[in-house]
Amino acid sequence: MPKAQLKRATPVMQAYQAFASAREPARPMARNLAIAFVAGGLVCVIGQAVSDFFVHVCGFSRKDAGNPTVAVLIALTCLLTGLGVFDKIAQFTGAGTAIPVTGFANAMASAALESKTEGWVLGVGANMFKLAGAVIVWGVVAAFFIGLLHTLVAPGR
Amino acid sequence: MLQGHQSWLFEHQPIILSTAAIGGPMEAKGPLADDFDLLHADIRMEQKSWEQAERTLLDEACQKAIEKAGITKDAVSFLIAGDLMNQIISSSFAARTLAMPYLGIFGACSTSMEGLAIASLLVNTRSARYALAATVSHNAAVEKHYRYPTEYGAQKPPTAQWTVTAGAAAIVAPNDGKGEHPVVTRATIGRVVDMGLSDPFNMGAAMAPAALDTLISHFRDFDLPYDYYDLVLTGDLGRVGSRILRDLLVEHRVDIPQDRYQDAGVLIYGDLPEVLAGGSGCGCSASVAYGHIQRRLRDGELRRVLVVATGALLSPISYQQKETIPCIAHAVAMEWPEALHRTGGDAP
C-alpha cells in the first residue's frame, strides 16, 4: 500500500489491514521467479532455433535473420492467443512469457480480439494499443533519453 | 416493517415461489453443477459478444423462474435486476425483452440479496403481486470490463477470484398459507465499509469487514441467538475472505457455529485450481442461493438460512485513480414457515 494512503488510514483500518494480510496467501515468489527464468529461457531457445533455421536453411545472414525470427514468434503468440491457450500458459509462466516479444504480441492480439465486437475502426483500431500503447510510449521516451545520454557521454560513436 | 436500525421484518412472510439458476462451462465442472437448471457448454452462448452472452443468461434465468412458478410473464408486477456492466446494460436489455415494469439496481456482487430484499419488501407491503429479483455475471464480460482482455496473459496472484458465469432469478409472491414454499422473513441492508484496501485482485479481504458489519447488525436488530440459522452463507468472499471473516467473527464474539458458516465463492467451484481463491461476481451468491441453497431448503435439509451477499463497489477508473474499495453486504433470511412456528419465532 502506498505511503500516502497509509497516512490517511485510521488505526482501526491499519489494524484490520495487518489482520487481513496475515491471513492472505503470499505470491509464491521463489517459484514464480524460477518458472519465469526457465520459461523465458525456453522462449529464447525457440527464438534461437528459428533464427538458426533462417541462417542455415534459408541462407540469411545472422543480422538479417533477426526480423523474420521476431515475426515468427509474434505469429506463434497471436495464434496461441486466438486459440485461447496463451493466457493459460501465461498464468503459469508469468514474466517468462510477458517480458519477451511474446508478451507484447499477446497484449496487442488479445486487445484486438476483445474489441472486435465494437467494430473495426473504433473497436479494433482504437483499442489494439490499449495495453501495448503504454510500452510503446514509455519505450520511446526512455530510448530518447538514453540516446541523449549516449550523445552527451560518448559523442560521435 | 422497520426493525432495529437497518433491517426489515417481513411480517406477512412472502414466499419464494420459484428460483432458477443458469450457468456456464466452468460452473458445470464445479461440485454444484447439479443444482443449476441449465448449463451452457459454450462460453459465448451462441451470441456475438460477451455482453450479449451475459444478457442471454439473465433472460434465460428470468424465463426459467417464470416457467417454474407456473405463471405468465404478464403476472409479474416488477422486475428488480442488476449486474456488473456499465449502466447495468445486461439488466436493462433483458428488461426490454421481458417487457416488465423494471427497477434497475447496482450493488456489485451484493445485487442478488439487494434485489431479493426489495422484491420481498414490495410483496410484503402489497405493492407487488409477483416480484422477480434477478442478477447475472459473465466471466469474460466482467474480465473485459474490469480487468484485461480475456485472452491477455497476466499472472494473477493466489488471492484473485474467478468471476462466475451465471444468471439467477427468484420470484417472490404473497404467502398463500399452504406452506409449500420457503418464506422470506428478514432482511438487513448493509452500510458501505471501506477498510482502505485497494487491490482488486484481493477483494475477499476488502469485503470481509462489510459482511461482518451486516452480520452484527442483523443479529442485533432482530435480537436473534447466533446459532439461530442452520446456515449462514456469505456472498463471494472466496477462500481468503471467508478465512478472514471466520477469524473476525471469533474476534468480535459473533459466535456463529463454525460448521454453520459457508461461503458461496468457495462452494461453487470446490477445489478447481484455475479459480485461485474461489468464485466472485453477481452470479456467484445468486446462483448458489437460488440453486444450491434453494434445493437444500426444499429437500428439508436446511430450515433456516441467512444469505449475506457481499459486493465490492469499485470501478476500473476508481481503481486506476488509486481509490480504495468501498464494500457492502446485504443479508436476507429464508426459512420454512413451520420452523418459525415450532420455535415461536418472531413472525406471526
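Residues numbered from 1 in each chain as written. Chains lettered and ligands numbered in written order. Predicted model: local features only at pLDDT ≥ 70, side-chain atom pairs only at ≥ 80, totals over all residues.

Undergrad: Sorry if this is basic, but what is going on with the overall build of chain B here?
TA: Broken down by element type, chain B carries 11 helices and 15 strands. Its C-alpha radius of gyration of 18 Å places chain B within 12% of the 20 Å reference for a compact globule of 348 residues. Seen along its three principal axes, the alpha-carbon backbone of chain B occupies a region of about 55 × 50 × 35 Å. Looking at chain B as a whole, 60% of its 348 residues qualify as buried. Sequence-distant contacts, at least 24 apart, represent 80% of the contacts inside chain B between residues at least 6 apart. (Helix = DSSP H or I, 4+ residues; strand = E, 2+ residues; numbered from the N terminus. Rg over C-alpha atoms; globule rule 2.2 N^0.38 Å. Buried ≥ 20, exposed ≤ 12 C-beta atoms within 10 Å, placed from the backbone. Contact = placed C-beta atoms within 7 Å.)

Undergrad: Teacher, can you tell me more about the interface of chain B and chain A here?
TA: It is common to report an interface's size as the accessible area lost on association of the parts. Contacts between chain B and chain A engage 27 residues on the former and 30 residues on the latter. Listed by contribution, the elements that provide at least two residues to the side of chain B that touches chain A are helix 6 (203-222) and helix 7 (238-251) of chain B. At 4 residues, helix 7 of chain B tops the list of elements feeding residues into the side of chain B that touches chain A. Split into classes, the residues belonging to the side of chain B that touches chain A amount to 12 nonpolar, 8 polar and 7 charged. (Nonpolar A, V, L, I, M, F, W, Y, C, P; charged D, E, K, R; others polar.)

Undergrad: Just checking my understanding: could you explain unusual backbone geometry for this structure?
TA: The general pattern is negative phi for most residues beyond glycine and trans for most peptide bonds. Residue and element names in this part refer to chain B. In the Ramachandran plot, Ala108 falls in the positive-phi region, its phi being about 50° despite a non-glycine side chain. Positive phi, normally seen in glycine, also occurs at Arg126, with a value near 60°. Overall, Arg126 belongs to the exposed group, with 10 C-beta atoms counted inside 10 Å.

Undergrad: Got a minute to help me understand the nonpolar core in this structure?
TA: Among soluble globular proteins, nonpolar side chains are generally buried collectively. Ala61, Ala131, Leu132, Ala169, Val172 and Val307 of chain B are the most contacted members of the largest nonpolar core, which totals 123 residues. When residues in this core are grouped by element, the largest group, 10 residues, is from helix 6 of chain B. There are two domains that each give this core at least three residues, and those are domain 1 (2-173) and domain 2 (183-342) of chain B. Contact partners of Ala169 of chain B, with chain neighbours within four places excluded, come to Thr19, Ala20, Ala61, Cys62, Ala65, Leu132, Ala133, Ala134 and Tyr290 of chain B. By size, the runner-up hydrophobic cluster in this structure holds 10 residues, among which are Met108, Ala109, Ala112 and Leu113 of chain A. (Core = buried A, V, L, I, M, F, W, Y, C linked by C-beta atoms within 7 Å. Domains from an automatic or database assignment.)

Undergrad: So what exactly am I meant to see when it comes to the packing of helix 4 (residues 111-124) of chain B against helix 9 (residues 282-298) of chain B here?
TA: Helices that pack against each other are described as a pair by the angle of their axes relative to one another and the distance between those axes. All names here are of chain B. The contact between helix 4 and helix 9 brings their axes to 7 Å, and the two run at 55°. Between helix 4 and helix 9, the interaxial angle falls into the category oblique. Seen from helix 4, the contacting residues are Thr111, Ser112 and Met113; seen from helix 9, they are Cys282, Ser285, Ala286 and Ala289. (Axes fitted to C-alpha atoms, helices over the stretch in contact; angles between N-to-C directions. Parallel < 35°, antiparallel > 145°, perpendicular 65-115°, else oblique.)

Undergrad: How should I be thinking about helix 4 (residues 66-82) of chain A in this particular structure?
TA: An α-helical turn contains 3.6 residues, so a residue and the one three or four places further along point in the same direction. Residue and element names in this part refer to chain A. Taking 1.5 Å per residue as the helical rise, helix 4 with its 17 residues ought to reach 24 Å, and the 24 Å between its terminal C-alpha atoms agrees with that figure. For helix 4, every residue scored as buried is listed here: Thr69, Leu73, Thr77, Leu80 and Thr81. Within helix 4, the buried residues cover an arc of 110° as seen down the axis, which keeps them to one side. Facing away from the buried surface of helix 4 by more than 90 degrees, the exposed residues are Asn67 and Ala75. Its buried side turned inward, helix 4 meets helix 3 (29-56), helix 5 (86-93) and helix 7 (101-114). Immediately downstream of helix 4, the backbone of Gly84 shows phi near 80°, a positive value. (Expected span 1.5 Å × (residues − 1). Arc of directions from axis to C-beta.)

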